[in-house]
Amino acid sequence: MILFDDTAIAFESKNDNDLLRAFFLFKTVANPSLVKMSKVLVETAQKIHFPVAWAVKPTIYRQFVGGESIENCFKLVRVLEKYHVKAILDYSVEGMSSESIIQHTLEETLRTIDNAAIDANVPFAVFKPTALCSHEVLEKAADPNYALTETERGEASKFKERIAVLCKRAYEKEVRLMIDAEDSWYQSFVDDVITEMMMLYNKERAIVFNTLQMYRADRLDFLKASYEKAVANNYYLGVKFVRGAYMEKERERAFQMGYPSPIHPDKQATDDAFDAALQFSMEHLDRISIFCGTHNENSCRLFATLMEKQGLSKDDERCYFSQLYGMSDNISFNLANKGYNVAKYVPYGPVKSVLPYLIRRAEENTSIAGQTNRELSLIKKERQRRKNLRAPIS
Ligand SMILES: Cc1cc2nc3c(=O)[nH]c(=O)nc-3n(C[C@H](O)[C@H](O)[C@H](O)COP(=O)(O)OP(=O)(O)OC[C@H]3O[C@@H](n4cnc5c(N)ncnc54)[C@H](O)[C@@H]3O)c2cc1C
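Since we're looking at a predicted model, the values are computed, not measured.

As for its position among the elements, threonine 151 is in helix H8 (residues 150-173). On the basis of neighbour count, threonine 151 is assigned to the exposed category, with 9 C-beta atoms found within 10 Å.

Shown next, in the form of structure tokens:
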């Protein structure tokens, strides 16, 4: 049985100052009113172009972000490597969709693929669909009852072309490429494009990975159907499993627009679906590559146990564990220490552009109180352990 509470291993890469900073940060995000207030302050400051970098950069940015550029992340990638933890550099510019920003993001994502191709400690590249198209067009393209105008058809085609450019480069450079999942109301269009790419580029092994948010009640069936399609068309299926980050927004929209919520009714149902998806994929590992993106200890333990039961080597390339940088080091570093494939998602980008990502992390840590308390108690335990080590023996 894997234990995730060995804090000496979990925090070996952190010095005392890093631990203290993390402690105060998690203490802050554990307070919902403080997070709400900070969110309003940051959003207002952005609107009036008041600089916030001085407050954000040494605190929450430093905890959750690798740096402003790929090059800025090199040092961190080497530190992680020392502890056998890999890194996935994620250009985290969100919520901007002008033509020039889209073009810039496309070029930057190509650079992350090129960088992964020459760095053995960076096994995947990743991008968000909304970074390559406007939300409006994605939503309309996914709506079976809407006929796209000619301009919108053009935009939707451009989106497909951009994804094709990225997948082709990933294939040529032999870098696995993941596409994040966002709002459910445009995912069907994104799924179709990704499936096309898998048919083209996953013939020899899984290069293109889709993301399944297991809080969605329809995703287990979707996984099974995707598997059938992969078998029928003879390609490999790459899947990143997550629970899903936009639950409140999904439920709110469904309520406002009067359709049934696509999200499971409760946490247990999401947990069951997540674990069932892992189980199903492990039974079809000849066809499916699994990327398990979670901070849930039980799911990580289940994944490791299933691997062991099947007699797989811990570093089987079809099985990856992943956590976000700045969170759940106890899981990442303890699994890596035992020899499992572990990759940290390392967001990077200018402070202003990664603010939506940071606000989401703060809100998530507030709403998942158990997780934040776990981070706090592990940090406390490690600080105490270090203090005891230094105490003179009487
Ligand atoms: C490497 C990595 C990549 C990620 N990429 C994506 C991505 O592409 N898209 C994306 O959406 N998210 C992504 N996430 C975030 C992820 O979806 C979760 O929000 C986050 O990891 C918390 O879930 P958990 O499994 O870690 O932990 P847990 O604490 O066990 O689960 C919390 C999650 O359970 C679900 N949940 C909580 N309460 C309920 C309820 N009442 N009813 C139903 N479900 C509930 C929600 O999804 C919530 O986020 C990623 C996370 C990681 C670690």
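Turning to the packing of helix H12 (residues 267-283) against helix H13 (residues 297-309), a few remarks are in order. Two elements in contact, H12 and H13, have axes whose closest approach is 10 Å; the angle formed by their N-to-C orientations is 15°. With respect to H13, the axis of H12 lies roughly parallel. Relative to H13, H12 is oriented so that their crossing is right-handed. Taken together, the residues of H13 that come into contact with H12 (itself represented by Phe274, Asp275, Leu278, Gln279 and Met282) are Ser299, Leu302, Phe303 and Leu306. Each residue belonging to the contact of H12 with H13 can be placed in one class, and the counts come to 6 nonpolar, 2 polar and 1 charged.

This next bit is on the nonpolar core. In terms of nonpolar packing, the biggest core is built from 102 residues, with Leu177 and Phe241 touching the most fellow members. If you tally residues by element for this core, the top one is helix H9 (residues 187-201), at 7 residues. Setting aside residues up to four positions removed in sequence, leucine 177 forms contacts with Ile113, Phe124, Ala125, Leu166, Cys167, Ala170, Ile207, Val208 and Phe209.

With burial as the criterion, each face of strand S2 (residues 124-127) is covered, one bearing Phe124 and Val126 and the other bearing Ala125 and Phe127. When S2 meets strand S3 (residues 176-179), the two strands line up parallel, connected through 4 bridges. Bridge pairing in S3 places valine 126 opposite methionine 178.

The α-helix advances 3.6 residues per turn, and as a result positions three or four apart in sequence lie on the same side. For helix H6 (residues 99-118), with 20 residues, the first-to-last C-alpha span of 29 Å sits near the 28 Å given by 1.5 Å per residue. For H6, the full list of buried residues reads Thr105, Thr109, Thr112, Ile113 and Ala116. The buried residues of H6 occupy an angular sector of 100° when projected down its axis, which confines them to one face. Facing away from the buried surface of H6 by more than 90 degrees, the exposed residues are Glu99, Ser100, Gln103, Glu107 and Ile118. Looking at the packing, one finds that the buried side of H6 touches helix H5 (70-82), strand S1 (86-91), S2, H8 and S3.

Taken together, 27 residues are adjacent to the ligand, and Asp180, Val242, Arg243, Gly293 and His295 come closest. Broken down by secondary-structure element, the contributors of at least two residues to the shell around the ligand are strand S4 (208-213), H12 and strand S7 (319-324). Element by element, the count of residues in the shell around the ligand is highest for S7, at 3 residues.

Below, the discussion takes up the environment of lysine 57. Along the polypeptide, lysine 57 turns up in helix H4 (residues 53-64). For lysine 57, a count of 13 C-beta atoms within 10 Å translates into the label partly exposed. With 79 residues separating them along the chain, lysine 57 and glutamate 136 place their C-alpha atoms 32 Å apart. Look past the residues within four positions of lysine 57 in its chain and what remains in contact with it is Arg62 and Val351.

On to the sheet that holds S3, then. The parallel open sheet is built from 8 strands, whose spatial order is S1-S8-S7-S6-S5-S4-S3-S2. Sheet topology places S1 and S2 at the edges, where each strand pairs with a single neighbour. Each neighbouring strand pair of the sheet contributes to a mean axis angle of 30°, computed without reference to strand direction. Relative to S7, strand S6 (residues 288-293) runs parallel, the two sharing 4 bridges. The residue of S7 that forms the bridge with glycine 293 is serine 322.

The subject of this paragraph is H5. The terminal C-alpha atoms of H5, which comprises 13 residues, lie 19 Å apart, in line with the 18 Å expected from a rise of 1.5 Å per residue. At leucine 76, H5 shows its maximal bend, which comes to roughly 25°. Within H5 the residues assigned to the buried category are Ile70, Cys73, Val77 and Leu80. Lining the buried residues of H5 we find S1, H6 and strand S8 (342-348). Directly beyond the C-terminal end of H5, a positive phi value near 65° is found at histidine 84.

Where the residue is not glycine, phi is negative for most of them; where a peptide bond is considered, it is trans in most cases. Its identity is not glycine, yet glutamate 174 carries a phi of approximately 55°, on the positive side. Checked against the element boundaries, glutamate 174 lands in the loop between H8 and S3. Residue serine 328 is not a glycine yet carries a positive backbone phi of 50°. Relative to the assigned elements, serine 328 resides in the loop between S7 and helix H14 (329-337).

With that out of the way, let us pick up the packing of helix H10 (residues 219-232) against H12. Two elements in contact, H10 and H12, have axes separated by 10 Å at closest approach and are oriented at 15°. Classified by the angle their axes make, H10 and H12 are roughly parallel. As for how H10 packs across H12, the hand of that crossing is right-handed. The residues of H12 that touch H10, namely those facing Arg219, Leu220, Leu223 and Lys224, are Ala273, Ala276, Ala277 and Phe280.

Conventions and cut-offs
- Residues numbered from 1 in each chain as written.
- Predicted model: local features only at pLDDT ≥ 70, side-chain atom pairs only at ≥ 80, totals over all residues.
- Helix = DSSP H or I, 4+ residues; strand = E, 2+ residues; numbered from the N terminus.
- Buried ≥ 20, exposed ≤ 12 C-beta atoms within 10 Å, placed from the backbone.
- Axes fitted to C-alpha atoms, helices over the stretch in contact; angles between N-to-C directions.
- Parallel < 35°, antiparallel > 145°, perpendicular 65-115°, else oblique.
- Left-handed = near helix turned anticlockwise from the far one by under 90°.
- Contact = placed C-beta atoms within 7 Å.
- Nonpolar A, V, L, I, M, F, W, Y, C, P; charged D, E, K, R; others polar.
- Core = buried A, V, L, I, M, F, W, Y, C linked by C-beta atoms within 7 Å.
- Pairing = 2+ DSSP bridges.
- Expected span 1.5 Å × (residues − 1).
- Arc of directions from axis to C-beta.
- Near = placed C-beta within 6 Å.
- Bend = angle between axes of the 7 residues up to and from the residue.

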